[in-house]
Amino acid sequence: LTAEERETFLTLHREYQRDAFIRTFWRSRDPYPDTARNELRHRWEDRVELARRWFGTVLDLRARVLLLNGEPILRCQQMASTTLRQRVELWFYRYSERYSGQFALIFFYDVETRRWRLWEPGMAGGRGSGQGVRDPRDRRRGTGRGRGRGDLQVGIGEPRDRPGNTISGKVLQRIFGVELPEDCLDAQGSALEIIRDISRHGPFSYQLLLASVQTPPVPPNREWLPTFTSFSTELPDGSSTFEASLTFDFPGWYGQRTIFEGVLTVPVGELEPSELGGHRVYNFVLNGEVLRGKELFEHFRYRFDVPADSVASIQMPLVFQRYLRAGEYTLVLRLEELATGRFHRQERSLSVPRAEQTAALSGLTTTDPETARLLAEANAAIAAGETSIRLVKPLGEMLTGLIRFDTQVIGEQVDKVVFSLDDQPILTKVGPPYSVELDLGFLPRLVTLRVAALDAAGNEVASDELVVNAGGYRFVVRLVEPRPGGQFSGAVRVRATVEVPEGERLDRVEIFLNEDRMATLYGPPLVHTILLPNEEVAYVRAVAYLKTGEEVEDASFINAPGLVEDVDVQFVELYTLVLDRNRRPVTGLTRADFTVREDGVEQEIRRFEEVENRSIRAAILLDTSASMEENLITAQQAALAFFEQTIEARDRLGLITFSDRPHLAVKFTNDLATFGGGLAGLKCEGGTALYDSVIYSLFYFDGVQGQRALLVISDGEDERSRFSFDDTLEYARRAGVTIYTIGIDLARRETGIRRRLNRLAAETGGRGFFIDSVDQLTEVYQVIQEELRSRFLIAYQSTNSETDSRFRGVEVEVEGRGLEASTLRGYFP
């Protein structure tokens, strides 16, 4: 539990709420949420039992290390001499979740504080040095804090050029006054030798290890707690209330669940609208809990924004839907009117029928006749049954060659299925299996596969699309209902699906009728029924937001004549850097200072802003081939410093290492401990597969929104890649990620690799740096950080109406003597 989680838990008064808190707490930390077993919870409970058996408590420092890292494969315990009244333990690990390499730890019992402590470099072992484990961000090499006169200092972690500083069994005996037998010191290939190996890399490496093994993992979903508390159905003390009535129906089913449709009807005379942008709007927030027995089955939250001029009667209906299994439930509702801060709360018993019974039971409950009339059309579509088609994503990433794509089809209306690739029909299947095989070529490319299910009359009844070779950070919202061109009179049912980037959380989905926001949905099912004021041509929009504030949207015209067509708008965004003659970033420019040309044709700048306050998504691609061994520690320190100086709350930084092949060491994160843990334990070995690793890194960026940058750090020529430099350059042009290349100790005669690194950076709007030593990395990082915060976002709508996929060159010119603009050299449409 974090402090905030503990505080929230202690405020819960109902048993089902506390049970729900515990379930949600563990679910938010489940490493494999798609499986039935929560591996983390089971592993944790086993470790708690072991800690209590070994130490009698979970509050001991040794218990903390055990809980976070698991059981060591070697645990050596010795009592010190009676004169020192001291105890020592040596633990050896091959691997743990908090540290990827093998390591050993020395615990000692501090007689002054009467607590177990971890020994670290420079500490006067066990004699009350007063020195605790330092944070990995403390990179000072001086380790003399807390030294008392006559204290014996141990040399683990001191530079290797100082003789006699590696630890030995005799040194341990002198420090702690304890004799450690040879079978402990030399067991498992010598745990002591592991400490010696770590010591050769300097105190930074060992202190980073100590911090990593004691730092709890960051909850992957930090937003679960405020989300959980926002769903409360309790009334605040002393709150005012108003009246509302609840009616409900079961208009159909979804899969194996029954659709429950509730209507809260509020007398308009009791309401007070808000003024929003010159419009009068009624604003409500509905929180609900569905209890099955004494257990919370689900909770939900809606926001309703109803334009006052759309309310045609003295009763205002607020419609919401849930998908429930058949059975007996208790429904708890709390409706808040935001303008006055008043509440309505009620509890109702529900008897939910089986899905196949809904057609016979629909309409049995009483609703306002006008509301029932308006809902009839939307509910008729539900009662007709679901028709859907879904493309199944093949296993693997960076797909190339011949790949088979299958579909899942539900419903009886499907007569045939049409497959399209990048909007071009390629295959029609008139019977199952509805699948297609595609040759994706040698180089992994981004293509869009669409599938449409048609009925016997040739009308589209369902569709789906899949972006092939999209990375894990694609953020998309899609309107499944209403279908474009549909005709609706009383109400229209809106249903959306959202693809959320890996590691991010969906905040909400807003539903609009034209430009009026009608409802906000905070969780699945993303379904809402809009009551239509008239039958005029309109458009429905769904806008999805992440917790980070990023947004995407989809729209669909309704009640439109057949001649209305979708228009493909090619909107190009350029993150542009301007440098003066001294190669320093220039800020404070205006839209009028820039000219943009595409293939020589001037374009109108539609959007312009400085990006100082926009989020950054960056990744460091770090060479860990054998030739980097002497430079690794300094490169680790510089990367950690770059994180500290650059990454703010809204930013994310990832780490990808490579030698013979690339490896994702740290996913995009803004947590220093997580990033530091990925840096710890790195080893240098193997050759250099630079081009493969650049393509892999750019693939990882696909779908990431906003300003993106890849920092490539290497000390040698590519020697292991499957892809060529030309392949890499083309892929980089398609990716639209700014690349900074940093060559370390490349001899002047190595003009080939220098030229290629420079070109890769220049084509993507970055820069190439060539340094003699990794000690200069910090200075280079500072330049890059300043440039990333000093760019301009220039966006234009391309006037090129050609439908081909050839590369389009882009030029950006800036007014002013000595000023030079740097951005993407072009893009593939």
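All values reported here derive from a predicted model rather than from experimental measurement.

Engineer: I would appreciate a short explanation of the overall build of the protein chain in the present structure.
Structural biologist: The helix and strand tally for the protein chain stands at 17 helices and 40 strands. Classification of the 829 residues of the protein chain by burial places 52% in the buried group. Residue pairs in contact within the protein chain that sit at least 24 positions apart in sequence constitute 67% of those at least 6 positions apart. When the accessible surface of the protein chain is summed, it comes to about 38,900 Å², and 46% of that surface belongs to carbon and sulfur atoms.

Engineer: Can you help me understand the nonpolar core in this one?
Structural biologist: Considering soluble globular proteins, one finds that nonpolar side chains tend to be buried as a cluster. L264, L286, L318 and F320 are the most contacted members of the largest nonpolar core, which has 51 residues in total. Apart from the residues within four sequence positions on either side, L286 is in contact with L264, F300, R301, Y302, F304, F320, L333, R334 and L335. Ranked by size, the runner-up nonpolar core spans 35 residues in total, among them A618, I620, V666 and L682.

Engineer: When you look at the sheet that holds strand β29 (residues 601-603) in this model, what are you seeing that I'm missing?
Structural biologist: Where strands meet in a sheet, backbone hydrogen bonds hold them as pairs that are either parallel or antiparallel. The strand order across the open sheet formed by 4 strands is β29-β28-β38-β40, and the pairing between neighbours is antiparallel. Bordering the open sheet on either side are β29 and β40 (826-827), each of which pairs with just one other strand. Of the strand pairs in this sheet, strand β38 (residues 808-814) and β40 are connected by 2 bridges, and their pairing is antiparallel. From the neighbouring strand, R808 faces β40, where its bridge partner is Y827.

Engineer: Explain helix α4 (residues 61-69) here, please?
Structural biologist: Counting along an α-helix, one turn takes 3.6 residues, and residues three or four places apart therefore face a common direction. Within α4, 8 of the 9 residues are buried, which leaves it mostly tucked inside the rest of the structure. Within α4 the residues assigned to the buried category are L61, R62, A63, V65, L66, L67, L68 and N69. Of the residues one or two after α4, G70 is the one with positive phi, at around 85°.

Engineer: I tried to follow the sheet that holds strand β30 (residues 605-610) on my own but got confused; where do I start?
Structural biologist: If you walk across this open sheet you meet the 4 strands as β30-β37-β27-β39, and the pairing is antiparallel. Sheet topology places β30 and β39 (820-822) at the edges, where each strand pairs with a single neighbour. Along the sheet, successive strands turn relative to each other by an average axial angle of 30°, direction set aside. Relative to strand β37 (residues 792-797), β30 is paired through 5 bridges, and the arrangement is antiparallel. What sits directly across from E609, in β37, is L793.

Engineer: Sorry if this is basic, but what is going on with the packing of helix α12 (residues 632-646) against helix α13 (residues 672-679) here?
Structural biologist: To characterise two packed helices, one gives the angle between the axes of the helices and the distance between these axes. Running from N to C, α12 and α13 point in directions that differ by 165°, and their axes come no closer than 10 Å. Here α12 is positioned roughly antiparallel relative to α13, judged by the angle of their axes. Here α12 runs over α13; the crossing is right-handed. Packed against α12, whose contacting residues are Q636, A639, L640, F643 and E644, the element α13 presents L672, F675, G676 and L679 at the interface.

Engineer: Looking at this structure, I do not really get the pairing of strand β10 (residues 315-324). What am I missing?
Structural biologist: Successive side chains on a regular strand alternate, one facing one side of the sheet and the next facing the other. β10 sits mainly inside the fold: 9 of its 10 residues count as buried. Note: strand β6 (residues 257-267) against β10, 10 bridges, orientation antiparallel. Bridge pairing links F260 to R322 in β10.

Engineer: Mind showing me how you'd approach the packing of aromatic side chains here?
Structural biologist: Aromatic rings considered in pairs are described by the distance between their centres and by the relative angle of their planes. Applying the stated criterion across every chain, the model contains 34 aromatic pairs. Consider the rings of F300 and Y302, whose centres lie 5.9 Å apart with planes at 70°: the pair is edge-to-face. F300 sits in the buried class, given a relative accessible area of 2%. Judged by its relative accessible area of 1%, Y302 is buried. Aromatic rings pair up to connect W54, F55, W91, Y93, Y99, F103 and F107 into one cluster. When the ring centre of W54 is taken as origin, the NZ or CZ atom of R75, which lies over that ring, is 4.4 Å away.

Engineer: Would you mind going over the confidence of the model for the protein chain with me for this structure?
Structural biologist: Fine structural detail should not be taken from predicted coordinates in areas where pLDDT scores are low. In the predicted model, the protein chain carries a mean pLDDT of 81, and the fraction of residues at 70 or more is 83%. The secondary-structure element of the protein chain with the lowest mean pLDDT is helix α5 (residues 169-176), recorded at 49, while α4 shows the highest, at 95. In the predicted structure, residues 125-169 sits below a pLDDT of 50 and forms 104 contacts with residues beyond four places in sequence or in another chain. Contacts from residues 174-178, a stretch scored under 50 in pLDDT, to residues over four places away or in other chains number 25 contacts.

Engineer: Honestly, the pattern of salt bridges in this entry has me stumped. Any pointers?
Structural biologist: When the charged atoms of two side chains with opposite charge come close together, those side chains can pair. As enumerated under the stated definition, the model contains 44 salt bridges in all. Among the salt bridges present, the one from R806 reaches D599, with a minimum N-O distance of 3.2 Å. One end of the pair, R806, is in the loop between β37 and β38; the other, D599, is in the loop between β28 (594-598) and β29, with 207 residues separating them in the sequence. Given a relative accessible area of 40%, R806 falls into the partly exposed group. Linked by salt bridges that have partners in common, R303, D305, D507, R508, E510, R517 and K547 make up one network.

Engineer: Sorry, what's going on with unusual backbone geometry here?
Structural biologist: Backbone phi values are negative for most residues with the exception of glycine, while trans is the configuration of most peptide bonds. Geometrically, the link from P432 to P433 is a cis peptide bond, its omega value of 0° lying close to zero. Among the secondary structure elements, P433 is positioned in the loop between β16 (424-429) and β17 (435-439). Across the junction of P524 and P525, the peptide omega takes the value -5°, indicating a cis bond. Looking at the secondary structure, you find P525 in the loop between β23 (516-521) and β24 (527-531). Residue N514 is not a glycine yet carries a positive backbone phi of 55°. Inspection of the secondary structure assignment puts N514 in the loop between β22 (506-513) and β23.

Engineer: Which parts of the structure should I look at to understand the pairing of strand β3 (residues 103-110)?
Structural biologist: Summarising burial for β3: 8 of the 8 residues are buried, a large majority. Of the two faces of β3, both are covered, the one formed by F103, L105, F107 and Y109 as well as the one formed by A104, I106, F108 and D110. Sheet topology places strand β2 (residues 87-93) next to β3; 6 bridges connect them, and they run antiparallel. When the bridges of β3 are listed, Y93 appears paired with F103. In this antiparallel pair of consecutive strands, β3 and strand β4 (residues 115-118), the connection spans 4 residues, and R114 shows a positive phi of 55°.

Engineer: Can you help me understand empty space enclosed by the protein in this one?
Structural biologist: In this approach the atoms are scanned with a rolling probe the size of a water molecule, which exposes any empty space left behind. One pass over the structure, following the stated rule, counts 4 cavities of 30 Å³ or more. Volume-wise, the largest cavity comes out at about 70 Å³. For the lining of the largest cavity, the class distribution of residues is 5 nonpolar, 3 polar and 4 charged.

Engineer: What am I meant to see in the packing of helix α14 (residues 690-701) against helix α15 (residues 725-735) here?
Structural biologist: Running from N to C, α14 and α15 point in directions that differ by 15°, and their axes come no closer than 9 Å. Classed by the angle they form, the pair α14 and α15 counts as roughly parallel. Read as a crossing pair, α14 and α15 show a hand that is left-handed. Of the residues in α15, those touching α14 at Y691, V694, I695, L698 and F699 are F725, D727, T728, Y731, A732 and A735.

Engineer: I would appreciate a short explanation of the environment of G706 in the present structure.
Structural biologist: Turning to its location among the elements, G706 is positioned in the loop between α14 and β34 (707-714). As for G706 and L793, which are separated by 87 residues in sequence, their C-alpha atoms are 9.6 Å apart.

Engineer: Explain the side chain of D651 here, please?
Structural biologist: For D651, the position within the fold is in the loop between α12 and β32 (652-658). D651 sits in the buried class, given a relative accessible area of 0%. A distance of 2.8 Å separates a polar atom in the side chain of D651 from the backbone nitrogen of I616. Within the structure, D651 has its side chain in polar contact with the side chain of R789 (distance 2.4 Å). Ignoring any residue separated from it by four or fewer positions in sequence, one finds D651 in contact with R614, S615, I616, R617, T646, T669, N670 and R789.

Engineer: What exactly am I supposed to notice about the side chain of T520 here?
Structural biologist: Looking at where T520 falls in the secondary structure, it is placed in strand β23. T520 has contacts with R301, Y302, R303, D305, R508, V509 and E510, leaving out every residue within four places of it along the chain.

Calculation rules
- Residues numbered from 1 in each chain as written.
- Predicted model: local features only at pLDDT ≥ 70, side-chain atom pairs only at ≥ 80, totals over all residues.
- Heavy atoms only, no water.
- Helix = DSSP H or I, 4+ residues; strand = E, 2+ residues; numbered from the N terminus.
- Buried < 20%, exposed > 50% of the residue type's maximum accessible area, 1.4 Å probe, protein only.
- Contact = heavy atoms within 4.5 Å.
- Areas by Shrake-Rupley, 256 points an atom, 1.4 Å probe, with all protein chains shown as cover.
- Core = buried A, V, L, I, M, F, W, Y, C linked by side-chain atoms within 4.5 Å.
- Pairing = 2+ DSSP bridges.
- Axes fitted to C-alpha atoms, helices over the stretch in contact; angles between N-to-C directions.
- Parallel < 35°, antiparallel > 145°, perpendicular 65-115°, else oblique.
- Left-handed = near helix turned anticlockwise from the far one by under 90°.
- Phe/Tyr/Trp six-rings, centres within 6.5 Å; stacked < 30°, edge-to-face > 60°.
- Lys NZ or Arg CZ within 6 Å of the ring centre and 35° of its normal.
- pLDDT = per-residue confidence, 0-100.
- Salt bridge = Lys/Arg side-chain N within 4 Å of Asp/Glu carboxyl O.
- 1 Å grid on protein atoms, 1.4 Å probe; cavity = no way out; pocket = protein on both sides within 12 Å on 5 of 7 lines; lining within 4 Å.
- Points joined across faces, edges and corners; volume = space filled by probe spheres on them.
- Nonpolar A, V, L, I, M, F, W, Y, C, P; charged D, E, K, R; others polar.
- Polar contact = N/O pair within 3.5 Å; in protein donor to acceptor, adjacent residues only side chain to side chain.

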